[in-house]
Amino acid sequence: MHTHDSHESPSGMPTTEPGDSPRVTAADGVRSRFAVGALEYRIPPIANKLPYMLGGLTFIGLTVLVLTGILLDQYYNPNPVAAHDSIVYIMTRMPLGAWLRGVHYWGAAAVLVTSLLHLIYVFWRRSYHRPREVTWLAGVALNVVIFALVFTGSVLRADQEGVEALAHAVAGAGLTGPLGAPLTPGFTPSTSLLARLHNAHVSLLPLALFGLVALHFFLIRNLGIHASEPATVPFTRHLRRLTGYGLLLTSLLGVLAVALPPGIGFAGIEGVEVTKPFWPFLWIYAVENTMGLWGMILAPLVLFGFLFAVPLLDRRVGDRTPSWLRIVGVILLVLYVGGIIYGALAPQMQHIM
Amino acid sequence: MRRTPTIVFFLALIFVAPLSAHEKGAIRLANKSVPVGGELVIKGDKLPKTNSVMLTLKGALATHSLGEVPTTAAGTFDTRVKLPVAAKPGAYVVIVEAGDGDELARADVVVTEAMAHDMAAMGHTTDSAAAGQVHPTAEMMELDATRSGGEWGAILLIIALCAGGGVALLASARHTA
């Protein structure tokens, strides 16, 4: 709770003693009108270390994705016959198009990495424990939405890799019966599946994302972070450091977009399998290579099912995580990373043709 | 007092600009989709009378001329145009332009894949039809993404501002800590 010293009014504006002339700066005006004082609640000093900023960096990465995505979407055409051409137009004729697309691509990679590191750190420190179970669940749900955004974004390219990714998803949806109906081309005859996935990418999933982020932030603010230190430093100091790291991250994304621009494949042709999936999904591809198409359903179910179940699996009182839970977590992480590496190195295989 | 000339200027723009523009026309296409190299029937209306207009097929990556068409005394035309084979499958806009380049009307059309026997009927050999087909590949396209000096300047400025701002904030945070 912010306390006001004797020289400030409740609004945060400086008060005056009799005989003084008021000195109100522009900063004071902004501070009072945007209730900046409400951000000066105390947090533990350890929150200013980089591992405690991984979640905030993920949020900054998401913000970069929204901004670049809005610009790119002005030139994107979700009509299946025009989608690929519109991406080529973005890369060759839109002002700053190729660079913005690069920032968007590397921003997605950065969000995947920072969200994974954040999840690992929270899991390892047992920060999902009572009373923060819902904070953890919201975070896992955020990871699911992020993966869905990466999937829909890769499909929107409408190149060979995108067309095959969509075919995989439709085949997987067919295995789940009525549950997979929305992911079939004939679900809404009035529009194409690509247009519906575009709608999901720019509207439905971002709404879910920011709703979950709001819940996540609300719970962190009111339940506090998992730390043994007392809360002694203002949150604004954390925001300043986080913004600094966020700007450095953004500049790194800009450099990567110039040095390693993402390409695009040729316009996709349906009915063939000649590519491997986008790298974040290679772990699923690895499971498909061994189990067939059902691997595409079971691999995410096992991984995210375990993550959602963590607060239920660990209800032990005390500070120590059960050893078996940590071992299972480490095994899944090794399989996840190993699956990506294996998928990248293994020869291309057909799963649905 | 200074505001009055500005207001008058912008009000004048609102009324004068439409007076100098061409009247908006309309076109109707017999088909919303046409195969590569196929024929497109176009009817125009409310166009400049007893004049000639240019027809253009405009896509995201290429523009093709469909020729010049005369209009009647009523400002109409009815014509058939053969789409150039170079117009690849995709979404296009048929645009009608006046002699001075002003756009008069537009309509969307989709150019679809042509079957091999249709290509032969249009006078193209099967070999060339097969050569025109794209084979599925995992390779990336090689695109010309040359940047102008202005784009390079904007990119470097954004990167520099972000990096500089980040360093400054971290330095000030360390100072206050």
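Structural data are supplied above this passage.
Residues numbered from 1 in each chain as written. Chains lettered and ligands numbered in written order. Predicted model: local features only at pLDDT ≥ 70, side-chain atom pairs only at ≥ 80, totals over all residues. Heavy atoms only, no water.

**Student:** I would appreciate a short explanation of the overall build of chain B in the present structure.
**Tutor:** The helix and strand inventory of chain B stands at four helices and eight strands. Each helix and strand of chain B, placed in order from N terminus to C terminus, yields the pattern α-β-β-β-β-β-β-β-β-α-α-α. Looking at chain B residue by residue over its 177 residues, the buried ones come to 28%. In chain B, 56% of the contacts between residues at least 6 apart in sequence involve partners at least 24 apart. In the structure as shown, chain B presents an accessible area of about 11,200 Å², 61% of it carried by carbon and sulfur atoms. (Helix = DSSP H or I, 4+ residues; strand = E, 2+ residues; numbered from the N terminus. Buried < 20%, exposed > 50% of the residue type's maximum accessible area, 1.4 Å probe, protein only. Contact = heavy atoms within 4.5 Å. Areas by Shrake-Rupley, 256 points an atom, 1.4 Å probe, with all protein chains shown as cover.)

**Student:** Sorry if this is basic, but what is going on with the overall build of chain A here?
**Tutor:** When you go through chain A residue by residue, the secondary structure sums to 11 helices and two strands. Secondary structure elements in chain A, listed N-terminal to C-terminal, are α-β-α-α-α-α-α-α-β-α-α-α-α. Each of the three principal axes of chain A carries a C-alpha extent, and together these read 85 × 55 × 40 Å. A burial count over chain A gives 46% of its 353 residues as buried.

**Student:** Looking at this model, I keep getting lost on a nonpolar patch on the surface. Mind explaining?
**Tutor:** All names here are of chain A. Side chains of Met291, Trp294, Leu298 and Leu301 sit close together on the surface and give an oily, nonpolar patch of about 400 Å² of accessible area. Tracing the chain through its elements places Met291 in helix α9 (residues 282-291). We classify Met291 as partly exposed; its relative accessible area is 47%. (Patch = residues over 30% accessible without salt bridge, like charges linked within 9 Å, V, L, I, M, F, W, Y side chains within 5 Å. Salt bridge = Lys/Arg side-chain N within 4 Å of Asp/Glu carboxyl O.)

**Student:** Quick question: what am I supposed to make of the pattern of salt bridges here?
**Tutor:** A side chain of one charge can pair with a side chain of the opposite charge when the charged atoms of the two come close. All names here are of chain A. Enumeration according to the criterion identifies seven salt bridges over all chains in this entry. Note that Arg126 is salt-bridged to Asp314, the shortest N-O span being 2.7 Å. Highlighted residues: Arg126 in the loop between α4 (97-124) and α5 (133-155) and Asp314 in the loop between α10 (295-313) and α11 (323-345), separated in sequence by 188 residues. With a relative accessible area of 2%, Asp314 lands in the buried category. The salt bridge partner of Asp159 is Arg157, with a shortest N-O separation of 3.1 Å. Judged by relative accessible area, Asp159 falls into the buried class, the value being 0%. Where salt bridges share partners, they join Arg157, Asp159 and Glu161 into one cluster.

**Student:** How should I be thinking about the sheet that holds strand β6 (residues 77-82) of chain B in this particular structure?
**Tutor:** The pairing of strands in a sheet happens through backbone hydrogen bonds and is either parallel or antiparallel. Residue and element names in this part refer to chain B. One open sheet accounts for three strands, arranged β1-β3-β6; its pairing is antiparallel. Where the open sheet ends on each side, the last strands, each with one partner, are β1 (26-29) and β6. Each neighbouring strand pair of the sheet contributes to a mean axis angle of 25°, computed without reference to strand direction. (Pairing = 2+ DSSP bridges. Axes fitted to C-alpha atoms, helices over the stretch in contact; angles between N-to-C directions.)

**Student:** Looking at this model, I keep getting lost on the side chain of Arg101 of chain A. Mind explaining?
**Tutor:** All names here are of chain A. Looking at the element boundaries, Arg101 is found in helix α4. Here Arg101 is buried and forms no salt bridge, its nearest opposite-charge partner Asp159 lying at an N-O distance of 6.0 Å. Among the polar contacts made by the side chain of Arg101, one reaches the main-chain carbonyl oxygen of Pro262 at a distance of 3.3 Å. In this view, Arg101 contacts Leu72, Ile87, Met91, Arg157, Pro262, Gly263 and Ile264; residues no more than four positions away in its chain are not counted. (Lys, Arg positive; Asp, Glu negative; His and termini not counted. Polar contact = N/O pair within 3.5 Å; in protein donor to acceptor, adjacent residues only side chain to side chain.)

**Student:** It is not clear to me how unusual backbone geometry should be interpreted in this structure. Could you clarify?
**Tutor:** Glycine aside, residues mostly have negative phi, and peptide bonds are mostly found in the trans state. All names here are of chain A. Cis geometry marks the peptide bond from Arg130 to Pro131, where omega comes out at 5°. Mapped onto the secondary structure, Pro131 falls in the loop between α4 and α5. The backbone of Leu96 shows a phi angle near 60°, a positive value even though the residue is not glycine. Residue placement: Leu96 occurs in the loop between α3 (83-92) and α4. In the Ramachandran plot, Arg126 falls in the positive-phi region, its phi being about 60° despite a non-glycine side chain. Classification of Arg126 as buried rests on a relative accessible area of 4%.

**Student:** Even after reading the chapter, I still don't get the interface of chain B and chain A, so can you show me in this structure?
**Tutor:** Counting from both sides, the interface comprises 36 residues of chain B and, opposite them, 37 residues of chain A. Summed over both sides, the interface between chain B and chain A buries roughly 3,200 Å², with carbon and sulfur atoms accounting for 75% of that surface. Counting every contact that joins chain B to chain A gives zero salt bridges. Where chain B touches chain A, the interface holds three residue pairs in polar contact (both at pLDDT 80 or more). For the side of chain B that touches chain A, the secondary-structure elements that each account for two or more residues are β7 (90-97) and α4 (149-176) of chain B. With 16 residues, α4 of chain B is the single largest residue contributor to the side of chain B that touches chain A. Here the residues of the side of chain B that touches chain A are counted per class, giving 25 nonpolar, seven polar and four charged. (Buried area = accessible area lost by both parts, 1.4 Å probe. Nonpolar A, V, L, I, M, F, W, Y, C, P; charged D, E, K, R; others polar.)

**Student:** What am I meant to see in the pairing of β6 of chain B here?
**Tutor:** In regular strands, side chains alternate between the two faces of the sheet. Residues and elements named next belong to chain B. Burial along β6 is one-sided: the face carrying Phe77, Thr79 and Val81 is buried and the face carrying Asp78, Arg80 and Lys82 is not. Sheet analysis places strand β3 (residues 39-45) next to β6, joined by six bridges and oriented antiparallel. Note on β6: the bridge partner recorded for Gly44 is Phe77.

**Student:** So what exactly am I meant to see when it comes to the packing of aromatic side chains here?
**Tutor:** All names here are of chain A. Applying the stated criterion to the full structure yields 17 aromatic pairs over all chains. Ring geometry for Phe123 against Trp136: centres 6.5 Å apart, planes inclined by 40°, an arrangement best described as tilted. Here the residue Phe123 occupies a position in helix α4, and Trp136 occupies one in helix α5, the gap between them amounting to 13 residues. Accessibility classification places Phe123 together with Trp136 in one group, the buried group. Through successive ring pairs, a cluster of aromatic residues spans Phe147, Phe151, Phe281, Trp283, Phe304 and Tyr336. Stacked on the ring of Phe278, the Lys or Arg Arg157 has its end atom at 5.6 Å from the ring centre. Between the NZ or CZ atom of Arg221 and the centre of the ring of Tyr41, over which it lies, the distance is 3.6 Å. (Phe/Tyr/Trp six-rings, centres within 6.5 Å; stacked < 30°, edge-to-face > 60°. Lys NZ or Arg CZ within 6 Å of the ring centre and 35° of its normal.)

That is the geometry; function is a separate question.
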